[in-house]
Amino acid sequence: MDVPIDDVMIVTGSGQGIDMISKLLVNPGDTVLCEEFCYQGAMRRFRQLGAKLEAMKLDGDGIVIDALAAQLAALKSKGITPKFIYTIPTIQNPTASILPLDRRHALLKLARQHNIAIFEDECYADLLWQGVEAPPSLYALDPGCVIHLGSFSKSLAPALRLGYIVAPAALIAELRVLRRLMIRHPTAFIERSFAQFLALGYYDAFNRRLVAVYTLAAAYAGAAGALLAAFFVLYQWLFFTYADGTPGMRYAKIALCTFEDENPTRQQMRRRIVALLLSALPVGLGFVWALFDDDRMTWHDRISRTYQRSYR
Ligand SMILES: Cc1ncc(COP(=O)(O)O)c(C=O)c1O
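Residues numbered from 1 in each chain as written. Predicted model: local features only at pLDDT ≥ 70, side-chain atom pairs only at ≥ 80, totals over all residues.

Participant: Which residues make up the sheet that holds strand 7 (residues 117-121), and what values go with them?
Facilitator: The seven strands lie next to each other as 1-9-8-7-6-2-3, forming an open sheet whose pairing is mixed. The outermost strands of the open sheet, each flanked by one partner alone, are strand 1 (8-11) and strand 3 (52-56). Averaged over all pairs of adjacent strands, the angle between strand axes in this sheet comes to 20 degrees, irrespective of strand direction. Both strand 7 and strand 8 (residues 146-151) contribute to a ladder of four bridges, which runs parallel. Counted as the bridge partner of isoleucine 118 is valine 146 from strand 8. Relative to strand 8, helix 1 (residues 14-25) is tilted by about 155 degrees, and along the sheet it contacts strand 1, strand 6 (84-87), strand 7, strand 8 and strand 9 (163-166). (Pairing = 2+ DSSP bridges. Helix = DSSP H or I, 4+ residues; strand = E, 2+ residues; numbered from the N terminus. Axes fitted to C-alpha atoms, helices over the stretch in contact; angles between N-to-C directions. Contact = placed C-beta atoms within 7 Å.)

Here's what the structure looks like:
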């Protein structure tokens, strides 16, 4: 999409974009709407400036529009107009959902109805792969009420520190003043080099290669998962075979503990108990591992802990 030059400003990554936009717009006591599971870095910045965060309900596709409509109506009845809606519509962090087109339209309609700006963080939008496609950005659908934030940190390199804000020219002009006070300007050398990189088509070529690598990695991960599952079934089968002496259907019978028609000897019973304990060992070890190692928490743990910390 073509955008007028006055509507664009370069920043040192989307983190700085979030920082600047919130510094410009958020005053102590303002309400900011964030997705219920949300990028912590953004929430921390909003809160640092004294914002009160309200969680928008999510499902597998992203923001639940009906719930948001009810929430906005409830806020309005209390005389509260949120400063903006912060959302990550494409590859949401941390849920990875992609907001479908109809919800994007509905979200824009709601924002217009309530006169609230949308702040969309699209830093992951260039990272689509495995044939997945995303609808146009919220900004592309309605430039008038959206502040768009992009970054090359996720697709190219975080160390590049290069991102961009696209918004109405009047807001960009204010942001330029703020940027001058904060860092004067981003590194012109990097901007210039990257502009060449883009103009020569290397960014597109790089992205195509990246997508191919990720697709391959996903295939390997899938195969590794299938192998692991097969190994686990075999492992259990071996133990149950050992417990009862005969393979095959017995496995299912023992696993379901349907022994009524049998009369096991003491030795068989002992073997069955040992087999049950041993067959549960990998799951048990995995559970203990997940429980005690913070870095290996499950996604669900991560999300719920993030959530609990975020809106307290
Ligand atoms: C949703 C989101 N926005 C912004 C950032 C900041 O990224 P950067 O400043 O490297 O562009 C991150 C980093 O993880 C993120 O997940």
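Continuing now.
Participant: Provide a residue-level description of unusual backbone geometry, including the pertinent values.
Facilitator: Trans is the common state for peptide bonds, and a negative phi is the common state for residues other than glycine. Cis geometry marks the peptide bond from asparagine 93 to proline 94; its omega dihedral reads 15 degrees. Here isoleucine 91, not a glycine, exhibits a phi torsion of approximately 55 degrees, which is positive. A count of 19 C-beta atoms within 10 Å places isoleucine 91 in the partly exposed class. (Buried ≥ 20, exposed ≤ 12 C-beta atoms within 10 Å, placed from the backbone.)

Participant: Just give me the short version of the packing of helix 1 against helix 2 (residues 40-48), but keep the residues and values in it.
Facilitator: Closest axis-to-axis distance for the helix 1/helix 2 pair is 10 Å, and the angle between their directions is 25 degrees. As summarised for this structure, helix 1 and helix 2 are arranged roughly parallel, according to the angle between their axes. Considering only the axes of helix 1 and helix 2, their crossing is right-handed. Of the residues in helix 2, those touching helix 1 at Gly15, Ile18, Asp19 and Ser22 are Gly41, Ala42, Arg45 and Phe46. (Parallel < 35°, antiparallel > 145°, perpendicular 65-115°, else oblique. Left-handed = near helix turned anticlockwise from the far one by under 90°.)

Participant: An account of helix 2 is requested, with residue identities and associated values reported.
Facilitator: Here helix 2 has its buried residues at Ala42, Met43, Arg45 and Phe46. Looking down the long axis of helix 2, one finds its buried residues gathered within 160 degrees of arc, a one-sided arrangement. Residues of helix 2 that are exposed and point more than 90 degrees away from the buried face comprise Arg44 and Gln48. Just past helix 2, the residue glycine 50 takes up positive phi, approximately 90 degrees. (Arc of directions from axis to C-beta.)

Participant: Could you give an account of the pairing of strand 9, naming the residues involved and the relevant values?
Facilitator: Strand direction decides the pairing type here: strand 1 and strand 9, joined by four bridges, are antiparallel. Counted as the bridge partner of valine 11 is glycine 163 from strand 9.

Participant: Describe in detail the nonpolar core, supporting the description with residues and values.
Facilitator: Judged by nonpolar contacts, the single largest core of 45 residues is most densely connected at Val32, Tyr86, Ile118 and Ile165. With four residues, the top contributor of residues to this core is helix 1. Aside from chain neighbours lying at most four places away, what touches isoleucine 118 is Phe84, Ile85, Thr87, Leu107, Ala111, Leu138, Cys145 and Val146. (Core = buried A, V, L, I, M, F, W, Y, C linked by C-beta atoms within 7 Å.)

Participant: Quick one: what's the story with helix 4 (residues 101-114), residue by residue and with numbers?
Facilitator: Taking 1.5 Å of rise per residue, 14 residues should cover 20 Å, and helix 4 covers 20 Å from first to last C-alpha, within 8% of that figure. All of the buried residues along helix 4 are Arg104, Leu107 and Ala111. Looking straight down helix 4, one finds its buried side chains confined to an arc of 65 degrees; they lie on one side. Along helix 4, the residues that are exposed and aim more than 90 degrees away from the buried face are Asp102 and Gln113. Contacts from the buried residues of helix 4 go to strand 5 (62-63), helix 3 (65-77), strand 6, strand 7 and helix 5 (138-141). Where helix 4 terminates, the next one or two residues include asparagine 115, which has phi positive at roughly 60 degrees. (Expected span 1.5 Å × (residues − 1).)

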